[in-house]
There are 2 protein chains.
Amino acid sequence: MARMRTQTYQIQRDFILAKAAALFAQRGYTATSMNEVADACGVSKPALYHYVQDKHDLLVRICERHIARLVQVVEEVEAQGLAPQQRVCVMVQRFVAEYAEAQNEHRVLTEDVKFLETDDQQRVLDGERRVVKAVAQALSELRPELQQAQLVKPLTMLLFGMINWMFTWLRPGGALTHAAVAPMVTDLFFGGIDAIRAAERPAST
Amino acid sequence: MARMRTQTYQIQRDFILAKAAALFAQRGYTATSMNEVADACGVSKPALYHYVQDKHDLLVRICERHIARLVQVVEEVEAQGLAPQQRVCVMVQRFVAEYAEAQNEHRVLTEDVKFLETDDQQRVLDGERRVVKAVAQALSELRPELQQAQLVKPLTMLLFGMINWMFTWLRPGGALTHAAVAPMVTDLFFGGIDAIRAAERPAST
DNA sequence: CCTACCGATCGGTAGG
DNA sequence: CCTACCGATCGGTAGG
């Protein structure tokens, strides 16, 4: 059936995207050859090109799929209608869960986004902005005085720094899990917000 | 004089390392050609090879110089004999200052360290461990109960996450400076530490 | 879907 | 003899 073939095609392509993400995460996009991708997938190079247009297409699909999932998480959590602080806590927990099960894709997204063409890069950055904005919005609702002091953006980015940097030190399979670190991040963050004084806000523009 | 010639040689090489770091940070190590490095430096390729052994040597020197400066910062601050919390605050402030004036090198260190040979990579990672250990040590002194709950390492890495991620969102020349964010980071961190409860510590091994 | 290739460009080095 | 380079091109390999 045509339906079957399409399904098999999708499954095979997802498999290829996962294998490619692993190679890109390990060796970097530029340093990874299409021959290596084909070998890792157990297919010939021409077969590989049956599932992806070119090497760049591979990178675009990996990045777009990952950022799309994060955007979806944001929309799902927003639809829950939670109070601001709880909303941030749930978002952080779910972001970290996504990172945990897509570590290669996360690494590719953070390190190889510079190799995307302008249009593709813009689309990915729009997604990232959407995700950041959701957290910043919740923070503004929780503490309007932070918004007034122009502290929401930097604080939001410090929060993302804590979770986005996790892939560099949190080894998969270790005693410390992503799920265990997520509440540490939000406890640290909300516990510390009060300590940020207005005197330290950036010069007004 | 031989002294003069050596000095000129050093200056020229430092210039090359800075230009190469800028290109590596922008395009990535693998995607940057030695021709591009030579062009950016205004020298011929054979001239470039007079100052560096090969492309790999370029990467090693950039990474080693940057991590060496961070290690030196750690040793200088430790020699000041400050109380633990103040020690961490000064270290963070000085790390951020280093990042601010060596943004390209910092980006290369975080993104291209995977292209180093095993020996060179090990030496760089040793330096990074030395830097992390200095902060973790101060944190253990400040709150021995965190050490007991195995929270020092994760908390230290969350702190580094906040500052190491800054290069992705803090635009040079913007209204918000590295110097302004450093105290925000330490205020947030020390203000939040109390909120980390023992109940959230990772499962003991 | 494979073997066999291409235009181009890579890192590195020859002779002068 | 040394150093500090230049114009030209090497052997191999990348994506396709």
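Before any of the text, the structure's been laid out above.
Residues numbered from 1 in each chain as written. Chains lettered and ligands numbered in written order. Predicted model: local features only at pLDDT ≥ 70, side-chain atom pairs only at ≥ 80, totals over all residues. Heavy atoms only, no water.

## Let's talk about the relation of the copies chain A and chain B
Part 1: It takes a turn of 180° to lay chain A on chain B, together with a shift of 0.0 Å along the axis; the resulting RMSD is 0.1 Å. Within this description, the copies of the chain are treated as partners about a two-fold rotation axis. Among all residues of chain A, the one whose C-alpha sits closest to the rotation axis is A:Gly192, at a distance of 1.9 Å.
Part 2: Taken as a fraction of all interface residues of chain A, those also at the interface in chain B reach 98%, which identifies the copy contact as same-surface. (Least-squares fit on C-alpha atoms with pLDDT ≥ 70 in both. Contact = heavy atoms within 4.5 Å.)

## Some points on the packing of aromatic side chains
All names here are of chain A.
Part 1: Counted under the stated rule, the structure contains 10 aromatic pairs over all chains.
Part 2: Joined through ring pairs, the aromatic side chains of Phe24, Tyr29 and Phe115 make up one cluster.
Part 3: Taking NZ or CZ as reference, Lys55 lies 4.7 Å from the ring centre of Tyr29, over its face. (Phe/Tyr/Trp six-rings, centres within 6.5 Å; stacked < 30°, edge-to-face > 60°. Lys NZ or Arg CZ within 6 Å of the ring centre and 35° of its normal.)

## Describing the pattern of salt bridges
Once the charged atoms of two side chains with opposite charge are near each other, the side chains can pair.
Part 1: Under the definition given, this model contains 28 salt bridges over all chains.
Part 2: A salt bridge links A:Glu111 to B:Lys114; the nearest nitrogen and oxygen atoms lie 2.7 Å apart. Of this pair, A:Glu111 sits in helix α6 (residues 103–111) while B:Lys114 sits in the loop between α6 (103–111) and α7 (118–142), placing the two residues on different chains.
Part 3: Take B:Lys114: its relative accessible area is 24%, and that puts it in the partly exposed class.
Part 4: Residues B:Arg87 and B:Glu141 are paired through a salt bridge, measuring 2.7 Å at the closest nitrogen-oxygen approach. Of this pair, B:Arg87 sits in helix α5 (residues 84–101) while B:Glu141 sits in helix α7, and the two are 54 residues apart along the sequence.
Part 5: A relative accessible area of 9% places B:Arg87 in the buried class.
Part 6: Relative accessible area serves as the criterion here: at 37%, B:Glu141 is assigned to the partly exposed category. (Salt bridge = Lys/Arg side-chain N within 4 Å of Asp/Glu carboxyl O. Helix = DSSP H or I, 4+ residues; strand = E, 2+ residues; numbered from the N terminus. Buried < 20%, exposed > 50% of the residue type's maximum accessible area, 1.4 Å probe, protein only.)

## Some remarks on the side chain of A:Asp112
Residues and elements named next belong to chain A.
Part 1: With respect to the element layout, Asp112 can be found in the loop between α6 and α7 (118–142).
Part 2: Within the buried core, Asp112 has no salt-bridge partner, and the shortest N-O distance to an opposite charge, that of Lys114, equals 5.4 Å.
Part 3: Apart from the residues within four sequence positions on either side, Asp112 is in contact with Phe24, Gly28, Tyr29, Leu59 and Arg107. (Lys, Arg positive; Asp, Glu negative; His and termini not counted.)

## Observations concerning the interface of chain A and chain B
Part 1: Each side of the interface is counted separately: chain A has 41 residues, and chain B has 40 residues.
Part 2: Buried surface at the junction of chain A and chain B, both sides included, amounts to about 3600 Å², of which 76% is carbon and sulfur.
Part 3: Taken together, the connections running from chain A to chain B amount to two salt bridges.
Part 4: For the pair chain A and chain B, the number of links is two residue pairs in polar contact (both at pLDDT 80 or more).
Part 5: The set of elements that each furnish at least two residues to the side of chain A that touches chain B consists of α1 (2–27), α6, α9 (152–164) and α10 (178–192) of chain A. (Buried area = accessible area lost by both parts, 1.4 Å probe. Polar contact = N/O pair within 3.5 Å; in protein donor to acceptor, adjacent residues only side chain to side chain.)

## Examining unusual backbone geometry
Leave glycine aside and you will find that most residues have negative phi; peptide bonds, for their part, are mostly trans.
Part 1: Unlike most non-glycine residues, A:Gln150 shows phi in positive territory, near 60°.
Part 2: The topology assignment puts A:Gln150 in the loop between α8 (144–148) and α9.

## Some details on the packing of helix α4 (residues 55–79) of chain A against α6(A)
All names here are of chain A.
Part 1: Running from N to C, α4 and α6 cross one another at 110°; their axes reach a closest spacing of 9 Å. With respect to their mutual orientation, α4 and α6 come out roughly perpendicular. Across the interface between the two elements, Leu59, Ile62, Cys63, His66 and Ile67 of α4 pack against Glu105, His106, Val108 and Leu109 of α6.
Part 2: Its residues placed into classes, the contact of α4 with α6 shows six nonpolar, two polar and one charged. (Axes fitted to C-alpha atoms, helices over the stretch in contact; angles between N-to-C directions. Parallel < 35°, antiparallel > 145°, perpendicular 65-115°, else oblique. Nonpolar A, V, L, I, M, F, W, Y, C, P; charged D, E, K, R; others polar.)

## Some remarks on the environment of A:Val124
All names here are of chain A.
Part 1: Turning to its location among the elements, Val124 is positioned in helix α7.
Part 2: Look at Val124 and you get buried, because its relative accessible area is 1%.
Part 3: C-alpha separation for the pair Val124 and Thr8, spaced 116 residues apart in sequence, amounts to 27 Å.
Part 4: The residues touching Val124, leaving out its near neighbours within four places in the chain, are Cys63, Glu64, Ile67, Leu109, Val113 and Leu116.

## Details of the protein's contact with DNA strand C
Part 1: Lining the immediate surroundings of DNA strand C are A:Ser44, A:Pro46, A:Ala47, B:Thr32, B:Ser33, B:Met34, B:Lys45, B:Pro46, B:Tyr49, B:Asp54 and B:Lys55.
Part 2: In the interface set of DNA strand C, defined as its atoms within 4 Å of the protein, sugar plus phosphate atoms amount to 54%.
Part 3: B:Thr32 places a main-chain nitrogen or oxygen 3.1 Å from a phosphate oxygen of DNA strand C.
Part 4: In this structure, B:Lys55 approaches DNA strand C through a side-chain N or O atom, which is 2.7 Å from a phosphate oxygen.
Part 5: Breaking the surface near DNA strand C down by element, the ones donating at least two residues are α3 (45–51) of chain A together with α3 (45–51) of chain B.
Part 6: With three residues, α3(B) is the single largest residue contributor to the surface near DNA strand C.
Part 7: Taken together, the residues that form the surface near DNA strand C break down as five nonpolar, three polar and three charged. (Near = heavy atom within 4 Å.)

Don't take any of this as a statement about function, it's just geometry.
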